[in-house]
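Observations on chain architecture
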Amino acid sequence: MSLGDFINGKFLSVAKADGQIKDISPADLSDVVMTASFAHQHVDVACEAAQKAFLPWARLSMEERKSYLLKLREQFEAHKDEMARAIARDTGKPLWESLQEAGNLANKIDITLNHSVKLIAEEHLPNALPGVEGVIRFKPRGVMAVLGPFNFPAHLPNGHIIPSLIAGNTVVFKPSEQTPKVGELYAQCFEKAGFPPGVFNMIQGDGESGKRLAAHELVDGILFTGSYEVGLRIKQETMTHYWKILALEMGGKNATMVWDDADMDKAVYETLVGAFMTTGQRCACTSRIFVHERISDEFT
């Protein structure tokens, strides 16, 4: 059984369930990873907790927020092997690939703190107008709803969550219903890192849960990775929510180009890896190949 939803700094069990997720590993259909009940009402509770936590979190200095993320980095490192096993069971990935994903959680914090925060640094413009100094300041937006995919259930949501938090926003994260164990373990890392209550929240749920979260009036931004169809529905259903920012990653149509001077063995190998890594279930996977006509028969 699951620990419940992580809301306002603690795990809450579901008193009145709207449904239950049965998490079965695609690698072994006899492996029931966990079962998790969910309640649509928890969407409201999580959003309210995130909104209440927003201003105190936003008013912390950048250095204070960094200190929390560095504690989280320690937890990601300490639980890397456990996270890799959870990813492997939830998705069916081989363990070597899951270990890469689990390792990227701490790497994202390093990249964000060492490089990305420069993009939101305060900037002074000596002569914005004649004799007038201008200032560019970046302000946090509010409550970010992060809707995670199944194919990289830790790495891709983490790529939204870490920048959101360092910039002063709070988060409500809904994992894919296909990978609830990874979402739960991810939330446990936040619990052990000691973040202020409400800054990070995680709710399990179905498609209706995601719809309610995206449409919630307390949400100020939607950060989504998933299918084109779901992303389009999010855009349509929030068309009048003028205050919300949308970051919708809905896959790609990626091409490999093979010129006539290519190393043939390497070109074939890299194309196969690009197309079939993660059984092709990557937004960056190769799905088209352009081959110079002089070598097309040999390549084929």
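Higher on the page you've got the structure.
Residues numbered from 1 in each chain as written. Predicted model: local features only at pLDDT ≥ 70, side-chain atom pairs only at ≥ 80, totals over all residues. Heavy atoms only, no water.

**Comments concerning the overall build of the chain**
Scanning the chain from N- to C-terminus turns up 10 helices and 13 strands. Relative to a compact globule of 300 residues, whose C-alpha radius of gyration would be 19 Å, the chain shows 21 Å and is just as compact. Principal axes of the C-alpha set define a box for the chain whose edges measure 65 × 65 × 40 Å. Of all 300 residues assigned to the chain, the portion counted as buried reaches 45%. Sequence separation of 24 or more characterises 73% of the internal contacts of the chain that already satisfy a separation of 6 or more. Counting 31 positive and 38 negative side-chain charges, the chain places the centres of these two groups 6 Å from one another. (Helix = DSSP H or I, 4+ residues; strand = E, 2+ residues; numbered from the N terminus. Rg over C-alpha atoms; globule rule 2.2 N^0.38 Å. Buried < 20%, exposed > 50% of the residue type's maximum accessible area, 1.4 Å probe, protein only. Contact = heavy atoms within 4.5 Å. Lys, Arg positive; Asp, Glu negative; His and termini not counted. Charge placed at Lys NZ, Arg CZ, Asp CG, Glu CD.)

**A few points about a nonpolar patch on the surface**
A cluster of nonpolar residues, I24, L29 and V32, forms a patch on the protein surface that exposes about 270 Å² of accessible area. Relative to the helices and strands, I24 is located in strand β3 (residues 19-24). A relative accessible area of 35% places I24 in the partly exposed class. (Patch = residues over 30% accessible without salt bridge, like charges linked within 9 Å, V, L, I, M, F, W, Y side chains within 5 Å. Areas by Shrake-Rupley, 256 points an atom, 1.4 Å probe, with all protein chains shown as cover. Salt bridge = Lys/Arg side-chain N within 4 Å of Asp/Glu carboxyl O.)

**Let's talk about the environment of S227**
Tracing the backbone shows S227 in the loop between β10 (221-225) and α8 (228-237). Along the backbone, S227 and K211 are 16 residues apart, and their C-alpha atoms lie at a distance of 14 Å. A polar side-chain atom of S227 sits 3.2 Å from the main-chain amide nitrogen of V230. (Polar contact = N/O pair within 3.5 Å; in protein donor to acceptor, adjacent residues only side chain to side chain.)

**Quick look at the pairing of β10**
When you tally the buried positions in β10, you get five out of five residues, the bulk of the element. Of the two faces of β10, the one lined by G221, L223 and T225 and the one lined by I222 and F224 are each fully buried. With five bridges connecting them, β10 and strand β11 (residues 245-249) associate as parallel partners. Along β11, the bridge assignment pairs I222 with L246. What joins β10 to β11 is α8, and the crossover it makes is right-handed. (Pairing = 2+ DSSP bridges. Right-handed = clockwise from strand over helix to strand, strands pointing away.)

**Some remarks on the side chain of E101**
Here E101 shows up in helix α4 (residues 95-114). Only 2.8 Å separates the side chain of E101 from the side chain of K93, close enough to count as a polar contact. When near neighbours in sequence (up to four residues on either side) are disregarded, E101 contacts I87, K93, N151, F152, P153, A154 and H155.

**Some points on the packing of helix α2 (residues 62-78) against helix α5 (residues 155-166)**
Packed helix pairs are specified by the crossing angle of their axes together with the interaxial distance, meaning the distance between the axes. At their nearest, the axes of α2 and α5 sit 9 Å apart, and the two run at 150° to each other. Taken together, the axes of α2 and α5 lie roughly antiparallel to each other. Listed contacts from α5 to M62, R65, K66, L69, L72 and F76 of α2 are N158, I162, L165 and I166. The class makeup of the residues in the contact of α2 with α5 is seven nonpolar, one polar and two charged. (Axes fitted to C-alpha atoms, helices over the stretch in contact; angles between N-to-C directions. Parallel < 35°, antiparallel > 145°, perpendicular 65-115°, else oblique. Nonpolar A, V, L, I, M, F, W, Y, C, P; charged D, E, K, R; others polar.)

**With respect to the layout of surface pockets**
Volume-wise, the largest pocket comes out at about 730 Å³. Lining the largest pocket are 31 residues, and of these F224, T225, G226, S227 and V230 sit closest to its centre. Breaking the lining of the largest pocket down by element, the ones donating at least two residues are α7 (207-215), β10 and α8. In terms of residue count, α8 provides more of the lining of the largest pocket than any other element does, five residues in total. The residue makeup of the lining of the largest pocket, split by class, is 12 nonpolar, 12 polar and seven charged. Put simply, the second largest pocket is a space of about 320 Å³. (1 Å grid on protein atoms, 1.4 Å probe; cavity = no way out; pocket = protein on both sides within 12 Å on 5 of 7 lines; lining within 4 Å. Points joined across faces, edges and corners; volume = space filled by probe spheres on them.)

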